[in-house]
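# Tertiary structure, described
Each chain, written out:
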Amino acid sequence: MQPFAIAIHGGAGTILKSTMTPEKETEYKQGLTAAITAGEEILRANGTSLAAVEAAIRSLENNPLFNAGRGAVFTHDGKNELDASIMDGKTLMAGAAAGVRNIKNPITLARTIMEKSEHVLLAGLGAMEFAEKMKIDFESDEYFFVQHRYDQLLQAHQTDSITLDHTQQPSSTNKKGTVGCVALDVHGNLAAGTSTGGMTNKRYGRVGDTPMIGAGTYANNATCAVSCTGHGEFFIRSVVAYDVSCLMEYKGLTLKEACDTVVNKKLVALGGEGGLIAIDRYGNIELPYNSEGMYRAKITNHTPLYLGIYKDE
Ligand code: ASP
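Notes on the structure in this doc start here. (Residues numbered from 1 in each chain as written. Predicted model: local features only at pLDDT ≥ 70, side-chain atom pairs only at ≥ 80, totals over all residues. Heavy atoms only, no water.)

## Things to note about the overall build of the protein chain
Selection rule: Strands are runs of DSSP state E lasting at least two residues, helices are runs of H or I lasting at least four, and both sets are numbered from the N terminus onward. A radius of gyration in this sense is built from C-alpha atoms; the matching globule rule multiplies 2.2 Å by the number of residues raised to 0.38. Remark: exposure states derive from per-residue accessible area (1.4 Å probe, protein chains only) relative to the maximum for the residue type, with buried under 20%, exposed over 50%, and partly exposed in between. Note on definitions: a residue-residue contact is assigned when non-hydrogen atoms from the two residues lie within 4.5 Å. Throughout, the Shrake-Rupley method with a 1.4 Å probe supplies accessible areas, and for residues the shown protein chains are the sole cover considered.
Secondary structure assignment for the protein chain yields 8 helices and 14 strands. Rg of the C-alpha trace for the protein chain: 17 Å, near the compact-globule value of 20 Å for 313 residues, within the 12% margin. A principal-axis box enclosing the C-alpha atoms of the protein chain has dimensions of 55 × 45 × 35 Å. When the 313 residues of the protein chain are sorted by exposure, 58% land in the buried category. Considering only contacts within the protein chain whose residues lie at least 6 apart along the sequence, 68% involve residues at least 24 apart. Accessible surface computed for the protein chain: about 12400 Å², of which carbon and sulfur atoms make up 53%.

Here you go:
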């Protein structure tokens, strides 16, 4: 059998066992398991890595626990502005949407932009107009109203801070977010995708690394597929996902060495907190992060499901 492999993340940050209840931990693990299983089933049935990435991310977007789709954080004005991107490692085609509202599954919009438009990145009202034309599912504001997210916004308003969902917030339940998936299919093709609500209390149309090809998402059959989560401004400036690929392509580093260099050395030197998931064309998977934890899962055709939340699991 040709190898297949898939990994997902649900955000990185100050994720501590001491601040987690057993019930919440179970919910997160169930959410991760459901999402990775949705992708794995597609790969097992000889489906494409692109389809697997989209399916896994849709599952995470539909789960209010994660900062993407339904569970997206609130902007300063109490709205949800969503970013997503997807890339096909075989063709190097890519699609992305930034700052869109009321889109149920931004990852599907990103894939539709890749496949049905002449463009890579569509933003705001124009992206929504395209979504309507393509009959992408929209949802009401109420669908996106999740109480703990609203509480996070009220808290951020009080302190006038723009907070990353994964940053420790005093007296908050510190929910983590942003979701991503990387996969290798039995045809030898890699794909990556990422989806997020961004930062609580963001304003002025702030866009992070998630919809930026090369920063938050990158895939190339010659090297690897990468999906990032963390403080977007640092990930943009470090061109993180492409940097991992470049270190493999131009410097001959292994996936592990490339990930370690970018996440634990270069990002740390800049002060950029976060992590990523990455997979190479042999199905090797790396899940590095420089924060306290990262919601993560992986499975391959020859290894069982691994689920991790905290450090050193
Ligand atoms: N990278 C995302 C952003 O900056 C946030 C996250 O990963 O939690 O928008």
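Let's pick the thread back up.
## Remarks on the nonpolar core
Inclusion rule: Among the buried residues, those of types Ala, Val, Leu, Ile, Met, Phe, Trp, Tyr and Cys that are joined through side-chain atoms within 4.5 Å form a nonpolar core.
Counting 36 residues, the largest nonpolar core has Val226, Val244, Leu276 and Ile279 as the members making the most contacts within it. Among the elements that line this core, the one with the most residues is helix 8 (residues 255–270), at 6 residues. Among residues more than four places away in sequence, those in contact with Ile279 are Ala5, Ile6, Val182, Ala183, Leu184, Leu190, Thr223, Cys224, Ala225, Leu255, Asn284 and Ile285. Counting residues in hydrophobic clusters, the runner-up holds 34 residues, among them Ile6, Leu65, Val186 and Ile309.

## Re the pairing of strand 1 (residues 5–13)
Using the following cut-off: Pairing between strands requires that DSSP locate at least two bridges from one strand to the other.
Where burial is concerned, most of strand 1 is hidden: 9 out of the 9 residues are buried. Judged from the 7 bridges that link them, strand 1 and strand 13 (residues 293–300) form a sheet pairing that is antiparallel. Note that in strand 13 the partner of Ala12 across the bridge is Met294. Direction of pairing for strand 1 relative to strand 6 (residues 179–184): antiparallel, over a ladder of 5 bridges. Its bridge partner lying in strand 6, Ile8 is registered against Cys181.

## Some details on the sheet that holds strand 1
Where we set the bar: Inter-axis angles, ranging from 0 to 180 degrees, are taken between N-to-C directions of lines fitted to C-alpha atoms, where helices are fitted over the stretch in contact.
Judged by pairing direction, the sheet is mixed, and its 8 strands sit side by side in the order 4-3-2-7-6-1-13-14 without closing on themselves. Pairing within the sheet leaves two strands with one partner each, and these edge strands are strand 4 (121–123) and strand 14 (306–310). In this sheet, adjacent strand axes meet at a mean angle of 10° when their direction is disregarded. Two strands pair when backbone bridges link them, and strand 3 (residues 94–100) and strand 4 are joined in this way by 3 bridges, in the parallel orientation. Its bridge partner being in strand 4, Ala96 is matched across the sheet by Leu121. Its contacts with the sheet put helix 4 (residues 124–133) on strand 3 and strand 4, and the angle it makes with strand 4 is roughly 105°.

## So, the environment of Gln147
Within the secondary structure, Gln147 sits in helix 5 (residues 147–159). Residue class for Gln147 comes out partly exposed when judged on its relative accessible area of 45%. Between the alpha carbons of Gln147 and Pro64 there is a distance of 10.0 Å; along the sequence they are 83 residues apart.

## Regarding the side chain of Asn189
Here Asn189 shows up in the loop between strand 6 and strand 7 (190–196). Every residue in contact with Asn189, bar those within four places of it in the chain, is listed here: Ser49, Lys90, Ala183, Leu184 and Asn221.

## Some remarks on the packing of aromatic side chains
This is how the line gets drawn: Only centres within 6.5 Å qualify two rings of Phe, Tyr or Trp (six-membered ring in Trp) as a pair; their planes then separate them into stacked at under 30 degrees, edge-to-face at over 60, and tilted for everything else. We call a charge positioned over a ring when the NZ of a Lys or the CZ of an Arg lies within 6 Å of the ring centre and within 35 degrees of the ring normal.
Tallying each qualifying case throughout the model produces 8 aromatic pairs. Ring geometry for Tyr28 and Tyr295: centres 4.3 Å apart, planes at 20°, overall stacked. Residue Tyr28 is located in helix 1 (residues 22–44), and its partner Tyr295 is located in strand 13; the two are separated by 267 residues in the primary sequence. According to the relative accessible area criterion, Tyr28 is buried, its value standing at 1%. Seen from their ring centres, Phe74 and Tyr150 are 5.2 Å apart, and the 85° between their planes marks the pair as edge-to-face. Of this pair, Phe74 sits in the loop between helix 2 (49–61) and strand 2 (82–88) while Tyr150 is found in helix 5, placing the two residues 76 residues apart along the sequence. Of the residues examined, Phe74 reaches a relative accessible area of 3% and is grouped as buried. What links up through ring pairs into an aromatic cluster is the set Tyr28, Phe66 and Tyr295. When the ring centre of Tyr306 is taken as reference, the NZ or CZ atom of Lys298 above it lies at 5.5 Å.

## Focus on the environment of Lys266
Positionally, Lys266 belongs in helix 8. The exposure class of Lys266 is partly exposed, given its relative accessible area of 40%. For Lys266 and Val240, which are 26 residues apart along the polypeptide, the C-alpha to C-alpha distance reads 9.2 Å. Aside from chain neighbours lying at most four places away, what touches Lys266 is Asp243 and Thr261.

Geometric descriptors of this kind do not, in isolation, establish any biological role.
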